[in-house]
Amino acid sequence: METIRLTTAQALVRFLAHQYSERDGQEQRLIPGVWGIFGHGNVAGIGQALLQAAVTQEADLPYYLARNEQGMVHASVAYAKMRDRLATFACTASTGPGSTNMITGAALATTNRIPVLLLPSDMFATRAADPVLQQLEDTRGGDVTVNDAFRAVSKYFDRISRPEQLIPAALAAMRVLTDPVETGAVTLALPQDVQAEAHDWPVSFFRRRVWNVGRPVPEAAAIERAARLLRNAKRPLIVAGGGAVYSGAETELRAFAEATGIPVADTHAGKGAVPWDHPYAVGGIGSTGSYAANELAKDADVVLGIGTRYSDFTTASHTVFGNPGVAFVNLNVARLDAVKHSAVPLVADARLGIQALAGALSDWEVEPEYRAQVRQLVSRTRQIEDECFNRGHGPLPAQTEILGALNVVLGDRDVVINAAGSMPGDLQQLWRARDPKAYHVEYAYSCMGYEVAAGVGAKMADPTREVIVLVGDGSYLMMAQEIVTMVSEGLKVIIVLVQNHGFASIGALSESLGSQRFGTKYRYRNDDSGRLDGDVLPVDLAANASSLGADVLHATSVDEFRAAMEKAKTASRTTVVHVETDLYGPNPPGHGWWDVPVSEVSALDTTQAAYETYAAHKQTQRPYL
C-alpha cells in the first residue's frame, strides 16, 4: 500500500480538498474552503497545513479570515443554505473560547438542518502539559474538555486522539454532511498535539470522492394512502417548508397547486417555493402568518405538509389548524417529520413525492367554490399588505413602510437576509418573494447576530445576486464584525440598518404579556426610578459601520430610504443604508397566536390582565391526534 507522510492537519486539509457532492448529475465541491481564526491550538496545526497547501499548491483549499468564530459558522450556514445543502465550509478555531464561540453557530446549523464542518482545537491528547492555557479541568475525568459541549448540538461528534482515527472520522463526517435527513453541524475536535503529529497515510485516502445525494423514492402504498385522504378532502391546504426548496421542487409544487386547486401556505424556510403572486399562493402560516393562510387553516380538513418540521410558529403553538377532524399528510425526507401530528407519512424526496401525488390525483381537484374562496381571501390579504406598506406614519416611518419600499426597489433575484427581532414576523406576513432563494430568513434558531455574517456566506454562494442584509440595532450590536470581512474580501453587500433604539419585537411581546416593555429599550439608567428608562443613549451605529470600512447612506423618511437604496444598488462595495423607525410600530395585524407563558400570579394589574388573555388562548390549543 502506497503511503505518504503528513501531519494529521496536513492530511485533513488534503482530504477535504478532494470531496465533492453530486445530485441529479451535477457535481460541486463539498468543502470549497476553510474559515478560521488562529490562536494557540490551531496556528501550528491546521494553520500550517493551510499555508503549506497554498504555497505548494498540493491541495486546493482556500483560507478565509473571519472576525468572530460564531460569525464564520453563520457565514458557512448561509452559504450551504444558498447551495441547497450540497456545499458548505469547514471552520477552524483555537483552543478554549475560540472553539466554544462556535457552539451557538453549531446549534443554529443543526436546528436548521444545514451542514457545516467544525474543527475546534482541543487540549493535549498526550496530556504532557496538563493543564494547559484555557483548559477546563473536570473532576469527573481527564478526557473531558469544553469541546464536549458540542456533542449536544452536533449531528456527529468525534475527538481525534490518534492520527489514524482521522480516516474513519473524516469519512463519517462527509457521510453526515451529505445526508439530507441527518445533516447539521459535524464536529471533529482536534487536540493540538495530534494536529502536528506525523503519520504514514494511505494515498488512497486522498483520492477524489463524490458523495451522491440521492432522492428517496416514495413507496407506492404510501402514495395510495395519501391520495385517498386527499381525494376525500373538501378544504385541503398545503404547507410548504424548507424541504420543498432544498429539493428543488418549486416547478412541481406550482403545477400541483394549479392542477388540484389546493392553496399553498409557506413557512419561513419555504417562502418563495411558490411566487407570492401565484393564484394559489396564500402566504405565510402560523403565529405571524397572513390573513388568507390562517383563515384557510382554521377550517382545513386535510393538511399536506411538504418538507416542514412544524415548528410552533408554523402551527401557531397548535392553534392554527382549528378543524376538530383535521388530518395530516406529511411528505418529508425525514421520518421524524413525516409522522408528526399523527400524519399519514410519505417518506420521500419532495420533488419525487409531489410528482407521484400529482399522478395519483390527476383526475381530482377541489370544488370551484373553494377556489373562489381562496381568491377572495388572497384579495383581502393584498389589501392588508398595501395598508401596511403605505401608512404615512410619522414623524418616524413604520418598519412596515420600509419593507414596502424594499419590495418595490428590489429585483426578483435579490436576496433578503434576516433572522431575529420584529422583522421576521413582518417579513413572513408581508414579503413578496418570487424566487426560492430571494427570502433568506433564519427562523429555526432565530439567532441574533446571524444577519451580517450570513450576508458574507450568501454573497459568496452566488455573486450574481444582490444580497441585502436586513438587521435591527439589537442584532447589529450582537455581531457586526463581519462587515470587515465583506470589505477585505471585496464583497458587495447592502446592509439595511434599522435603528429604533430598543428591542421592538420583545418590547411588543413584553407589553402583550403584561411586562410593560421592561428592559427592552436602549436608555440611560434613571436616577429616580433606578430602571433603564432614562433618555435615549447616544449610540451612532452608522458611524460604527463606517469605522468598519463600509460606505454609509442615511435616510430619515420612506422617500429618502428608497432613493438611498437605488444609490446603494449601483455601488461597487459594501454599503450600509441607515434608517430610524418608530419603536412602537404600528405593526401588521396579528392573525395567529404564540404560546409564551404568563405569570399565573402577579401583583401587577397588567400581568393579571395578560394572564386572562393567555388562559383563553390556551383553551384553543390541542394536540393533533
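Residues numbered from 1 in each chain as written. Predicted model: local features only at pLDDT ≥ 70, side-chain atom pairs only at ≥ 80, totals over all residues. Heavy atoms only, no water.

**A closer look at the side chain of arginine 371**
Inclusion rule: Every helix listed is a DSSP run of H or I at least four residues long, and every strand listed is a run of E at least two residues long, numbered separately from the N terminus. Buried means the residue's accessible area, taken with a 1.4 Å probe over protein chains only, is under 20% of the maximum for its type, while exposed means over 50%, and partly exposed covers the values in between.
Inspection of the secondary structure assignment puts arginine 371 in helix H14 (residues 368-389). For arginine 371, a relative accessible area of 13% gives the class buried.

**Things to note about the packing of helix H1 (residues 8-16) against helix H6 (residues 166-177)**
Rules: Angular values range over 0 to 180 degrees, each being the angle between N-to-C directions of two axes fitted as lines to C-alpha atoms, with helices fitted over their stretch in contact. For any helix crossing, the convention is left-handed if the near helix is rotated counterclockwise from the far helix by under a right angle, and right-handed if that rotation is clockwise. Residue contacts are defined here by distance: any two heavy atoms, one from each residue, within 4.5 Å place the two residues in contact. When residues are grouped by polarity, Ala, Val, Leu, Ile, Met, Phe, Trp, Tyr, Cys and Pro land in nonpolar, Asp, Glu, Lys and Arg in charged, and all others, Gly among them, in polar.
Relative to each other, H1 and H6 sit at 30°, their axes nearing to 11 Å. The hand of the H1/H6 crossing is right-handed. Each of Thr8, Ala11, Leu12, Phe15 and Leu16 in H1 lies in contact with H6, whose residues at this interface are Leu166, Ala170, Leu171 and Met174. For the contact of H1 with H6, the residue count by class is eight nonpolar, one polar and no charged.

**A few points about the pairing of strand E22 (residues 551-555)**
Note the following rule: The pairing criterion is simple: DSSP has to find at least two bridges between the two strands. Handedness of a crossover is defined as follows: with both strands directed away from the viewer, a clockwise route from the first strand across the helix to the second makes it right-handed.
Where E22 lies against strand E23 (residues 575-580), five bridges are found, and the strand directions are parallel. When the sheet's bridge partners are listed, leucine 553 is paired in E23 with valine 577. Handedness of the crossover is the feature at issue here: the chain leaves E22, passes through helix H22 (residues 558-570), returns alongside E23, and the resulting connection is right-handed.

**Points about the sheet that holds strand E19 (residues 439-441)**
Read from one edge to the other, the open sheet built from six strands follows the order E19-E18-E20-E21-E23-E22, with strand pairing classed as parallel. Strand pairing shows two members of the sheet lacking a second neighbour, E19 and E22, which therefore form its edges. The average undirected angle you get between the axes of adjacent strands in this sheet is 20°. In this fold helix H17 (residues 450-461) packs onto strand E18 (415-418), E19, strand E20 (467-472) and strand E21 (494-499), with an angle of close to 175° to the strand it touches most, E20.

**Concerning the environment of leucine 190**
The topology assignment puts leucine 190 in strand E9 (residues 185-191). Residue class for leucine 190 comes out buried when judged on its relative accessible area of 4%. In sequence terms leucine 190 and alanine 9 are 181 residues apart; their C-alpha atoms lie 8.7 Å from each other. Sequence-distant contacts of leucine 190, defined by excluding residues within four places in its chain, comprise Leu12, Ile46, Leu119, Pro120, Ser121, Asp122, Ile160 and Gln195.

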